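# Summary of the model geometry
Here are the chains, one letter per residue:
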Amino acid sequence: MDIGIGGMTCASCVGRVEKAIRKVEGVTDVSVNLATERARVAFTDPRPSTQGVVDAIARAGYEPAVAEFDLRVQGMTCASCVGRVEKALKRVPGVSDAAVNLATERAHVTGHGIDAASLVAAIERTGFQAAPVTRDEAATGAPDEAQVRSRRELRHVLIGAALSLPLVAGMIGDLAGYPMMPPGWVQFLLATPVQFWLGWRFYKAAYKAVRAGTGNMDLLVAIGTTAAWGLSVYMLLTAHQAHGMPHLYFEGSAVLITFVLLGKLLETRAKGQTAAAIRALMDLRPDTARVRRNGTEVEVPVDQVKHGDVVVVRPGERIPVDGRVVEGTGSVDESMLTGEPLPVEKAADAKVTGGSINVDGLLAVETTAVGSETMLSKIVRMVEGAQASKAPIQRTVDRVSAVFVPIVLIIAAVTFAAWWSVSGDAETAIITAVSVLVIACPCALGLATPTSIMVGTGAAARHGILIKDAEALERAHAVTAVAFDKTGTLTEGKPRVTDIIPAEGLDRAALLRLSASLQQGSEHPLARAVRELAEAEGIAPAALTDFKALAGRGVSGSVEGRSVQLGTRRLMAESGLEDDVLGAKAAELEASGRTVSWLAEIAPERRVLALVAFGDTVKQAAREAVRALHEKGIEAVMVTGDSKGAAEAVARDLGIDRVFAEVLPGDKADVVATLKHEGKVVAMVGDGINDAPALAAADIGIAMGTGTDVAMATAGVTLMRGDPVLVGGAIDVSRRTYAKIRQGLFWAFIYNLVGIPLAAMGFLSPVLAGAAMALSSVSVVLNALTLRGWKPRGT
């Protein structure tokens, strides 16, 4: 076993880890390498439990590294196959979780001390082919691979149809009273290649399933068609010419296999369409970039661009890297990344994202991110992860699928015995049992959830809504309350100073200089607003010392020998300072929606010096966002550190139901907990580092992509543009996707609950049963594909 270890800094750490691991039962040897931060552990048991080693490392105060692998799995045909692969992977020592997706044909495995080779070997022992894939590979395999598979399926369907057509024509003629069925030996020659050449895949997969001690769809098809073909051969060989040729069932086996192959063809093509969003994203990045080197422009592969390189982008070209504009101006179309339909103007120092299109102007862009660090790569990984993940509801379906095939085999056996005992006709008993076998379809159960998730997350990504995983998608549909951070979420997050009100007898310009001096140490939006006003009025700040940021309350520091503070009314109360006149003014400003900061001197004198009022523009889309939530029956809540008066003024303007004001950054998570305690399913919307705990505490965190990477990493949903209307869009796409999941599962279950009894009672022939089975899978996938046209409201 080879396991990564985080947190080691010296040789003594190595000794502590080795000592801790040696105490684990079954460990015979351990070697820890500080340079590689890995431990190699030998066990007496050939199939050791690695959890003891993991726990020992954690108890020693270090972090056992979690390994993640994505594997391509070929040969799966139904939900039973999924369960088989997952069970095999979870038996590998060190694996903590394994999720297999039938639609993407991928397995995502996490654990400690695992490697790709052992995972691939475990899958191949179950009868499937497997290979590791890179994180940047498209979620459903290379398009060429899908095209090759689709062409092969089409060829097999056409051959099967050509061989089955004379049998179908004869069957229709017989039903219409015009005998057209070819002689028995001709039927045999037409059906046998279909049964054992085109149908060989079913025998192969069925054998592997039986060898693994389980069953799948292929086993049902193989048994059913072989029974129909074998019965026909027996009847052909034992027929007495004097009594005429009996009815044979070669058309049943041949047409059944052709129908199943047709279903596979349609399913393959439909599943290929579900990956369209990922492929579209992958195609956004150009293959080459024009880089300035040694005074000239050189075209190089985009993989060779480095941090700090200046890339030249001409009008009409895609921007190949993330960076900032250092020369030129122009408009950039970011619609494929953010869903924003209108181009965005870019000038010097503006950020640009790789994959967007330079509409006009010549831009020189300094590279800030390349390869897997770019926003486009992060988006692809997030969408890829969501499509490959497994929703909680699917795990219940998988448990049902695990026992599905054995139950169907039992029902078929009981059907055969019942018909034979009642009618004494073995032929009828066999054909009825065959109908039971072929109509049962675990494929639809396995495809209902993953295809809906793939299409839903892909459609959302096209409109700038990134959903981290299937669990987030499933939770979002049940949201009953949305808590918004105010600044940067409902407002533009670019406040400006609207008023400076000095205490009696004090000079406004001197107080602005003092405020700007104090705010030199802060990057808060209010601090930038003060500095910008001072710069606009030509006021230079003084030197600042002893600066301190007071979380959620303000800042303090020393300016020209004076100890001063600038912050909230709460900060003034903590310092024991008040001014009734300025207090009345502050109340008036807050009632009009202004955010008010208090400037005070602590030493050598203790007094309130001035009020600094700020105004922030409410986003135009904020009212529409709140209205859209109300139409869905969802409560809108504001959580802000602003004063109660300022917060309530904004809330009244937007139509927000409830306000939590004067909330410290660390207490936002407590507000979320309060809402959850009231029985609400809470979504938290924010964009800053201080929102991360609340985003994590909420049932579903929604981060504005215009905010910080920390917020995006914590949230389950990321909105690629700062448009609050997309909050309602995220909930809407979740509800629609979940509805498609429920519809698919409902029809898959109903189909089997109705179809199997009808087949057992003799109301369905094998041919009709086969057509119904193929149709069930295709209909589930096609129903999910209707999500492709989804658009958020207002687009």
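Here the structure is a predicted model, which is why all the values come from computation and not from measurement. Note on numbering: residues in each chain are counted from 1, in written sequence order. Predicted model: local features are reported for residues with pLDDT of at least 70 only, side-chain atom pairs are reported and counted for 80 or more only, and whole-chain, interface and lining totals are derived from all residues. For side-chain calculations, the full set of non-hydrogen atoms in the structure is used, while hydrogens and water are omitted.

Let's shift gears to the overall build of the protein. A helix here means a DSSP run of H or I that spans at least four residues, while a strand means a run of E at least two residues long, and both kinds are numbered starting from the N terminus. If you tally the helices and strands in the protein, you get 28 helices and 30 strands. For the protein, buried positions account for 52% of its 795 residues. Long-range pairs, those at least 24 residues apart, make up 68% of the contacts in the protein between residues at least 6 apart in sequence. The Shrake-Rupley method, run with a 1.4 Å probe, gives the accessible areas here. Residue values count only the displayed protein chains as cover. If you sum the accessible surface of the protein, you get close to 33,900 Å²; carbon and sulfur atoms cover 57% of it. Each residue is assigned to one of three classes by its accessible area relative to the maximum for its type, calculated with a 1.4 Å probe on protein chains only: buried under 20%, partly exposed between the two thresholds, exposed over 50%. It only takes one pair of heavy atoms within 4.5 Å for two residues to be counted as in contact.

What follows deals with the UniProt feature "transmembrane region" (unreviewed entry) in the protein. UniProt positions are given in the numbering used here, feature names are shortened, and annotations may be inferred rather than shown by experiment. As recorded in UniProt, the feature "transmembrane region" (unreviewed entry) lies at residues 157-178, 184-203, 215-236, 248-266, 400-422, 428-448, 744-764 and 770-790. Overall, residues 184-203 shows 95% helix and 0% strand. The separation of its end C-alpha atoms is 25 Å. Spanning residues 744-764, this segment combines 81% helix with 0% strand, and its end C-alpha atoms are found 23 Å apart.

For the rest of this paragraph, the subject is the nonpolar core. Of all hydrophobic cores here, the largest spans 119 residues; its most connected members are M76, L89, I465 and V482. By residue number, the principal contributor to this core is helix 27 (residues 725-760), which donates twelve residues. Core analysis: the next-biggest nonpolar cluster, separate from the first, contains 23 residues, L511, I539, V555 and A610 among them. As used in this record, nonpolar core signifies buried Ala, Val, Leu, Ile, Met, Phe, Trp, Tyr and Cys residues forming a set joined through side-chain atoms within 4.5 Å.

On to the sheet that holds strand 2 (residues 27-33), then. Reading across the sheet, the four strands line up as 2-3-1-4 and stay open at both edges, with antiparallel pairing between neighbours. The open sheet has two edge strands with one neighbour each: strand 2 and strand 4 (63-64). Two strands are counted as paired when DSSP detects at least two bridges linking them. Summarising the sheet, strand 1 (residues 2-6) and strand 3 (residues 38-43) pair through three bridges and their orientation is antiparallel. Residue pairing for strand 3: G4 is matched across the bridge by R38. For every element, the axis is a line fit to its C-alpha atoms; helices are fit only across the contacting stretch, and the angle between N-to-C directions ranges from 0 to 180 degrees. Along the sheet face, helix 1 (residues 11-22) touches strand 1, strand 2 and strand 3 and points at about 160° away from the line of strand 2.

Put simply, a patch holds well-exposed residues, over 30% relative accessible area, that have no salt bridge, with like charges counted together within 9 Å and Val, Leu, Ile, Met, Phe, Trp or Tyr side chains within 5 Å. Each salt bridge in this description consists of a side-chain nitrogen of Lys or Arg and a carboxyl oxygen of Asp or Glu lying within 4 Å of one another. Nonpolar side chains collect at one region of the surface, where V400, F749, L753, V754, L758, M761 and F763 lie side by side and expose about 630 Å² of accessible area between them. Here the nonpolar patch gets four residues from one element, more than from any other, and that element is helix 27. Relative to the elements of secondary structure, L758 occurs in helix 27. Residue L758 is classed as partly exposed on the basis of its relative accessible area of 31%.

The next point concerns the environment of W229. Along the chain, the position of W229 falls in helix 8 (residues 217-238). With 19 residues separating them along the chain, W229 and L248 place their C-alpha atoms 8.6 Å apart. In this view, W229 contacts F188, A191, T192, Q195, F196, F250 and S253; residues no more than four positions away in its chain are not counted.

Looking at the secondary structure, you find V302 in the loop between strand 10 (296-301) and strand 11 (310-313). V302 sits in the buried class, given a relative accessible area of 7%. Sequence spacing of V302 and G371 is 69 residues, and the spatial spacing of their C-alpha atoms is 8.4 Å. What V302 contacts, discounting residues up to four positions off in sequence, is R285, P286, D287, T288, A289, P320 and V321.

Given the number of residues in a helix, its expected span is that number minus one, multiplied by 1.5 Å. Across its twelve residues, helix 1 extends 17 Å between first and last C-alpha, which sits within 8% of the 16 Å expected from 1.5 Å per residue. Of the surrounding elements, those touching the buried residues of helix 1 are strand 1, strand 2, strand 3 and helix 2 (51-59).

So, on to the sheet that holds strand 5 (residues 67-74). The four strands lie next to each other as 6-7-5-8, forming an open sheet whose pairing is antiparallel. Each edge of the open sheet carries a strand with a single partner, namely strand 6 (95-101) and strand 8 (129-133). Taken over all neighbouring pairs, the strand axes of this sheet differ in orientation by 25° on average, direction set aside. With five bridges joining them, strand 5 and strand 8 adopt antiparallel strand pairing. Paired with L71 across the bridge in strand 8 is P132. Packed onto the sheet, helix 3 (residues 79-90) meets strand 5, strand 6 and strand 7 (106-111) and runs at close to 160° relative to strand 6. With respect to the sheet, helix 4 (residues 116-125) is in contact with strand 5, strand 6, strand 7 and strand 8, its orientation differing from that of strand 8 by roughly 155°.

Following A603, the chain continues to P604 via a peptide bond in cis, the omega torsion being 5°. Note on placement: P604 falls in the loop between strand 24 (595-603) and strand 25 (607-615). With a phi close to 50°, E560 is a non-glycine residue in the positive phi region. Assignment of secondary structure puts E560 in the loop between strand 22 (554-559) and strand 23 (562-567).

Take the pattern of salt bridges next. Tallied over the entire structure, the rule returns 23 salt bridges. Linked by salt bridges that have partners in common, R562, E601, E605 and R607 make up one network.

Once that is clear, we can look at the side chain of T595. You can see T595 is positioned in strand 24. Those residues in contact with T595 that sit more than four places away from it in its chain are K486, L526, V612, A613, F614, D642 and A646.

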